[in-house]
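In case you want the letters, here they are:
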Amino acid sequence: MALGFYFDMTRCIGCRACAVACKDKNRLDGDSLGINLRNAITYSAGKFPNVKCFSYSGACNHCEDPNCIKVCASGALYKAEDGTVILDSSLCVGDQKCVGACPYRAPQFDEAAGITRKCDACASLRAKGEPPACVAACPMRALDFGEEEELKAKYGDDLVSDLAVLPDSKITGPHVWIKAKEFAKSGEFEEMML
């Protein structure tokens, strides 16, 4: 089974409600202020008046072949029965190897706690039959979470896992399926400071 996130770039307005909901659900405040387990970033290319831009909301992609698990010597990172990549913070030694190994920069080191943190697709909410906080918070319904075949049946099978601003999906086999704007699939884009 391949569980992961669906992201509809054509609906996303870059409001960052998903990132705020994630931060709130995971209580990432105070000393953890700089940690974002989900990021919503807006990218642009071109020069006025021919500017193209899009927003991308990304978190852990719960990859098929996750680099983070390969380098975790303590066993803190593992694949759950449902295929999601989980971090047992009680086993984390804080060596940050997973942070450097993930091409998506999903694991984040929490200096105040001395451990790594990462998205678990809100396992506690999903256990109660609720969607991840980021999915529930999106006002444009640009995010969803579920099984690959169900998401493709619901949203179409023309979804991609590669964008110009993401690492090649062949590296880890990310479980993220994107309804992309055609121009975002290739080209050079810069992160916009908003």
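Computed from a predicted structure; not experimentally measured.

A. Structural detail: the overall build of the chain. The helix and strand tally for the chain stands at 6 helices and 10 strands. Taken against the 2.2 N^0.38 rule, which gives 16 Å for 194 residues, the C-alpha radius of gyration of the chain at 16 Å falls within 12% of a compact globule. With the principal axes as the frame, the chain shows a C-alpha extent of 50 × 35 × 30 Å. Taken over 194 residues, the chain has a buried fraction of 48%. Contacts in the chain between residues far apart in sequence, at least 24 positions, make up 59% of those at least 6 positions apart. Taken as a whole, the chain presents about 10,100 Å² of accessible surface, with 50% of it coming from carbon and sulfur. Averaging the coordinates of the 23 positive side-chain charges in the chain and doing the same for the 27 negative ones gives two points 4 Å apart.

B. A look at unusual backbone geometry. Here the bond from F48 into P49 is cis, since omega is 10°, no more than 30 degrees from zero. Among the structural elements, P49 can be located in the loop between β2 (39-47) and β3 (50-58). Backbone geometry at Q96 places phi at a positive 65°, although glycine is not the residue there. Position of Q96 among the secondary structure elements: in the loop between β5 (85-87) and α3 (97-101). Residue classification places Q96 among the partly exposed positions, given a relative accessible area of 38%. Positive phi, close to 55°, is recorded for R105, a residue that is not glycine. You can see R105 is positioned in the loop between α3 and β6 (108-110).

C. Up close: the pattern of salt bridges. Per the stated rule, a full pass over the model turns up 7 salt bridges. The salt bridge partner of E182 is K185, with a shortest N-O separation of 3.1 Å. Judged by relative accessible area, which is 57%, E182 ranks as exposed. Residue classification places K185 among the partly exposed positions, given a relative accessible area of 31%.

D. Layout of the sheet that holds β3. On the basis of which strands lie adjacent, the open sheet formed by 3 strands has the order β3-β2-β10 and antiparallel pairing. The sheet terminates laterally at β3 and β10 (190-191), the two strands that pair on one side only. In terms of strand pairing, β2 meets β10 through 2 bridges, oriented antiparallel. Looking across to β10, one finds that Y43 is bridged to E191.

Conventions used here
- Residues numbered from 1 in each chain as written.
- Predicted model: local features only at pLDDT ≥ 70, side-chain atom pairs only at ≥ 80, totals over all residues.
- Heavy atoms only, no water.
- Helix = DSSP H or I, 4+ residues; strand = E, 2+ residues; numbered from the N terminus.
- Rg over C-alpha atoms; globule rule 2.2 N^0.38 Å.
- Buried < 20%, exposed > 50% of the residue type's maximum accessible area, 1.4 Å probe, protein only.
- Contact = heavy atoms within 4.5 Å.
- Areas by Shrake-Rupley, 256 points an atom, 1.4 Å probe, with all protein chains shown as cover.
- Lys, Arg positive; Asp, Glu negative; His and termini not counted.
- Charge placed at Lys NZ, Arg CZ, Asp CG, Glu CD.
- Salt bridge = Lys/Arg side-chain N within 4 Å of Asp/Glu carboxyl O.
- Pairing = 2+ DSSP bridges.

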